[in-house]
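# Per-entry structural report
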Amino acid sequence: MDFKTVEAKWQNAWAEQKAFEPETDPKRAKFFFTVPYPYVSGSLHVGHGRTYAVGDVFARFKRMQGFNVLWPMAFHITGTPVLAISSKIADGDAATIQLHTDYVSVYESNPARVTQIVQSFGTDPWNVVNYYSGKLVHDFSRMGYSLDLSRQFTTGDAEYNRFVQWQFHTYKGNGFITQAAYPIPYCVRDKNAVGEDDIKDGDSDPVSVQTFVGFKFAYEDGFLVSSTLRPDTVFGITNMFVRPDATYVKASVDGQVLYVSQPFAEKMRLQNHDVKVLSDLKGADLLGKNCTTPLGKTVPILPGAFVEPDHATGLVHSVPAHAPFDLVALNELKKDAKWKSIVEKIEPIPVILAPGYSDVPARDLVERMKIANLKEKGKLDKATAELYKKEFYEGTMLPNAKQFAGMKASDAKEKMTEWLKTKGMAIDIFETSRPAQCRCGGQVIAAVMADQWFLNFNAAGWKEKATRCLSQMEIFPPLYRKQFEDVFAWLDKRPCARRRGLGTRLPFNEEWIVESLSDSTLYMAFYTVVKKIREEKIHAEKLTPAFFDYVFLGKGHADAQAKAVRAEFLYWYPNDQRHTAVAHLTNHLSFFIFAHAGILPPEQWPKAITLNEMVVSEGTKMSKSKGNVVSLNDIAENTGADLFRLYAITTADLGATLDFRAKDVDALRRRLNKLFSIWDEWTVLAKEQETNGKGKAKTVIGKSMTVTTDATPEKPLVRWMQSKFGSIIERSGTAIEKRALRDYAQTAFFEALNAAEHFATRATVEEKRHAARTLLQPWVKILCPLIPHAAEEYWEQSGGRGFASHAPWPTPKSYDGWKDEKTEAAEDFLMSVVSDIRTILPMVKKKPAKMTLIIASAQKRRQYADILKAETADQITGDSFMENFVRKRFYELKHAIAVDETAILTQSRAYLQTAFGVPFDIVEEDATDNPRKEKALPGKPAVYVE
RNA sequence: GGAGGGGUAGCAAAGCUUGGCCAAAUGUGCAGCGUUCAGGGCGCUGUCCCUUUGUGGGUUCGUGGGUUCAAAUCCCACCCCCUCCACCA
């Protein structure tokens, strides 16, 4: 069977007949299922493939259970990535053009057409969106996901924008939004905020904004401003370092005279300060003079060649006890005749004690790491990092820290900063985490947005509601609940708008675009109404806050249209299950809960979140740079949707990383082919007429399956098969209900396949026919969520009506009475005999000509039963063959089900003879004088090989 | 530092919630046999060590203790590895 043909056939059929586009139906229970929409910036990979495959199993199972399942999808385009693709192509960026040429080539064979499409990306970002969104649908469809594609939209659509504006309007009304200053990376040339994509090497070496504390050191008519990440060491300051050859300025900053490096004065203007440069000076001009620390201590100003004028304020205060750089610098100055006398008077002042260090830890490290001078920057950086970590987390303030003595260093850091700020001796200083350049060539610096908009998760009552919502939700795997609780506890404020990118304008401040995670938290509600809004031809301008207030909150008055739209929402909401990758937990999923809890009434709060872990390829993490990203299109093309889905579900639990290994996929392909060969055989058998002439198979017109009306031969093997399958069907369903998808797949696929293979080695054609008639369709059905294309194909071939995807999941009634423990025990017994024979055969060291199975006598059975009456194995004290045997397997034998050994072995004689290629005699112990007869035990016949 | 996950045979990976049918599923690798058998595929068998004309014995599930008639599984301590800690979507 060619998987591509079959998969395409059913994908087309589903699409043509709109198999997964549900309508509201008050008579049916609904199930509203969602997976986050994909971002439209290129190709989908196996990671998406796994998440959606897992989702699809849930959705399909619910559908077969009779729920009216809605699983829609849409496209996320908010923010800068799409713009970046477009602008880079417009700028002729070779790497970007190549990347997208490669990707488009997957779908287009004509090279001229590829070039044309890629070029079009450069002329309008919407061309990127429109092209790729179509391809994403294509990719998803090829995986057989049962998505409702009729509700597609992008986050840049006018209707969607109106929806998000309503959401933010409501947030504002609820008091969830605040405005405050906020530092961001900023390009001085573009005069705009920049993101990862705008910064050179920003993707491989991301740039963030660090907050330093600026200390004011009184100097002449103003203050020198030093910058530090470690304000907790303020009591240990011994001197100031300046770079002699650097240019500094004296400037009036917010009305106060400050001395900082010249570059920093410029940056300060963009950090929300009013800066007027008064005069220039060289670092050398400051040398030899004194300044006064924020604590009022007079210290000398010394030369520091290591000070970077381009980094922060270009002034560094010195804490030799705790900063390896400072200590080494001072040691070097001691060798300089000019500074020797001053420097020799400087003693390190210990302020923090950390376990494993002396009170001058910087010296410990310098000595241990054998750092000779300032040129050994690598070692110094390492020492600094190590000490910082150790002191911050484990350090305690020493008596030198005065009122802070005894405090943990991590606490003291905050308290001291606060204290110095209150005294007017400290300010916030912002700097980028590394020197960075914008793609336009301009310098990237840390700027401060004076009026950044924030979502305030600590706004009155919000967090409480979100926590309540979470507590009522099912979280699977359950271990992630704690993680949600932790995230909720420390969520504070989050910037929710940006100055650039695609998306929705803030309704109350249109210069701002709603940030890309913030515009995707309540949109599940939009899915429920978008179709009706379009049907009713309601234009975007009419989608006012009042309209949505009515639709989602039932507030105010409404016309017929709004009423119709609200009816859709009320039918589908709440979101019954949201499934996605674990990576989204700390942000998207948390915001999703907050958004719902903050805006909608409790009856519309989401019910469940299910999560799956990531995907790696051949044991290593996938990344573009390694070139080992497996695209979803590759999968559809080379692996096949059904095989991939089967692999993704059977190979790893939801909570475990999935390793995509070509070799394992191949192994699974062979198993899947085995399944198909059995289904092929069964399909043919099920259609055949009975051949024994006793009864006739009657094909019930319109019913899915032929039903045998003749008396079914009560063949034990058939009963065994039914018993196995009854249990398989039952456990498959309960496993999915319990979210244990791997168990489900193991049961419905592997366990069933193994049973069928075993059956096939033993069964006659009649028996197989019977199994085929009763078991093929239930089996196809329970595998439908997993391998839907194959399921449809065999469903059709076996006479199934409609889509297998719409067939009802087998009810308990349909396999009622199949369970037959005794028959299963009998088969187990037979297999244990076979296994015993196999153990014995190599030991007899001859080619067997005949075998005799000797069944234990009635007297032995009584004896055996008596022994088994013991409470524990230890109570069996004898040393007979039987006692020794029972003692060893006491607990296993105690629960064994007794079977009619003679009957089973006699019935199975033909099978045994075929399996071993020799004739078999079955005799009872009392009726023979075979030399091995006393080895016979109940449940374990003696074997005699001739 | 906080939170979470994990260490099982050559490798990968189940099992641990609910202790005993666990020398431990499954796949892969390796070996043998078979197959109208070039290869591949397919089928069967074996794959911790020892032993064997009889279905046996020994030692294993990171390390060390403990509970129990019984521990991969429960408890305690220790060692090692991995992931996440945001404003990038």
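## Concerning the overall build of chain A
- When you go through chain A residue by residue, the secondary structure sums to 32 helices and 32 strands.
- Its C-alpha atoms give chain A a radius of gyration of 38 Å, clearly above 30 Å, the size a compact globule of 946 residues would have.
- Counting only C-alpha atoms, chain A reaches 120 × 80 × 55 Å along its principal axes.
- Within chain A, buried positions represent 55% of all 946 residues.
- Total accessible area on chain A is roughly 41100 Å²; 52% of this is exposed by carbon and sulfur atoms.

## Examining the environment of Val118
- Mapped onto the secondary structure, Val118 falls in helix α5 (residues 111-123).
- The buried category is assigned to Val118, whose relative accessible area is 1%.
- Between the alpha carbons of Val118 and Ser41 there is a distance of 13 Å; along the sequence they are 77 residues apart.
- Setting aside anything within four residues of it in sequence, one finds Val118 in contact with Ile89, Ile97, His100, Thr101 and Val104.

## Concerning the packing of helix α21 (residues 641-651) against helix α22 (residues 662-687)
- Contact geometry of α21 with α22 gives a least axis separation of 10 Å together with a crossing angle of 110°. With respect to α22, the axis of α21 lies roughly perpendicular. Of the two elements, α21 crosses α22, and the hand of that crossing is right-handed. Two secondary-structure elements touch here, α21 through Leu643, Leu646, Tyr647 and Thr650 and α22 through Asp664, Val665, Leu668, Arg669 and Leu672.
- For the contact of α21 with α22, a count of residues per class yields six nonpolar, one polar and two charged.

## Focus: the protein's contact with RNA strand B
- Taken together, 40 residues are adjacent to RNA strand B, and Tyr39, Arg498, Asn587, Arg670 and Val943 come closest.
- The sugar-phosphate portion of RNA strand B accounts for 55% of its atoms within 4 Å of the protein, the bases making up the rest.
- Between a sugar or linking oxygen of RNA strand B and a side-chain N or O atom of Arg498, the distance comes to 2.5 Å.
- Of all the secondary-structure elements, those providing two or more residues to the surface near RNA strand B are α15 (480-490), β20 (493-495), α22, α27 (821-844), α30 (890-894) and β32 (942-945).
- Top contributing element to the surface near RNA strand B by residue count: α27, with six residues.
- When its residues are assigned to classes, the surface near RNA strand B shows 16 nonpolar, four polar and 20 charged.

## Quick word on the sheet that holds strand β1 (residues 30-34)
- Read from one edge of the open sheet, five strands run β2-β1-β24-β25-β19, paired in parallel fashion. Strands at the two margins of the open sheet, each flanked by one partner only, are β2 (68-70) and β19 (474-476). The sheet shows a mean angle of 15° between the axes of neighbouring strands, taken without regard to direction.
- Its contacts with the sheet place α15 against β19 and β25 (608-612), and it is angled at close to 115° to β19.

## Details of the nonpolar core
- One finds Leu675, Trp679, Trp682 and Trp779 to be the most contacted residues of the largest nonpolar core, which totals 109 residues.
- Sorting elements by how many residues they give to this core places helix α24 (residues 741-762) first, with eleven residues.
- With residues up to four places along the chain from it excluded, the contact list for Leu675 reads Phe749, Leu753, Trp779, Leu783 and Ile787.
- Residues Ile445, Phe457, Tyr523 and Phe552 belong to the second largest nonpolar core, which totals 75 residues.

How each quantity is defined
Residues numbered from 1 in each chain as written. Chains lettered and ligands numbered in written order. Predicted model: local features only at pLDDT ≥ 70, side-chain atom pairs only at ≥ 80, totals over all residues. Heavy atoms only, no water. Helix = DSSP H or I, 4+ residues; strand = E, 2+ residues; numbered from the N terminus. Rg over C-alpha atoms; globule rule 2.2 N^0.38 Å. Buried < 20%, exposed > 50% of the residue type's maximum accessible area, 1.4 Å probe, protein only. Areas by Shrake-Rupley, 256 points an atom, 1.4 Å probe, with all protein chains shown as cover. Contact = heavy atoms within 4.5 Å. Axes fitted to C-alpha atoms, helices over the stretch in contact; angles between N-to-C directions. Parallel < 35°, antiparallel > 145°, perpendicular 65-115°, else oblique. Left-handed = near helix turned anticlockwise from the far one by under 90°. Nonpolar A, V, L, I, M, F, W, Y, C, P; charged D, E, K, R; others polar. Near = heavy atom within 4 Å. Polar contact = N/O pair within 3.5 Å; in protein donor to acceptor, adjacent residues only side chain to side chain. Pairing = 2+ DSSP bridges. Core = buried A, V, L, I, M, F, W, Y, C linked by side-chain atoms within 4.5 Å.

So yeah, pure geometry; function would need other evidence.
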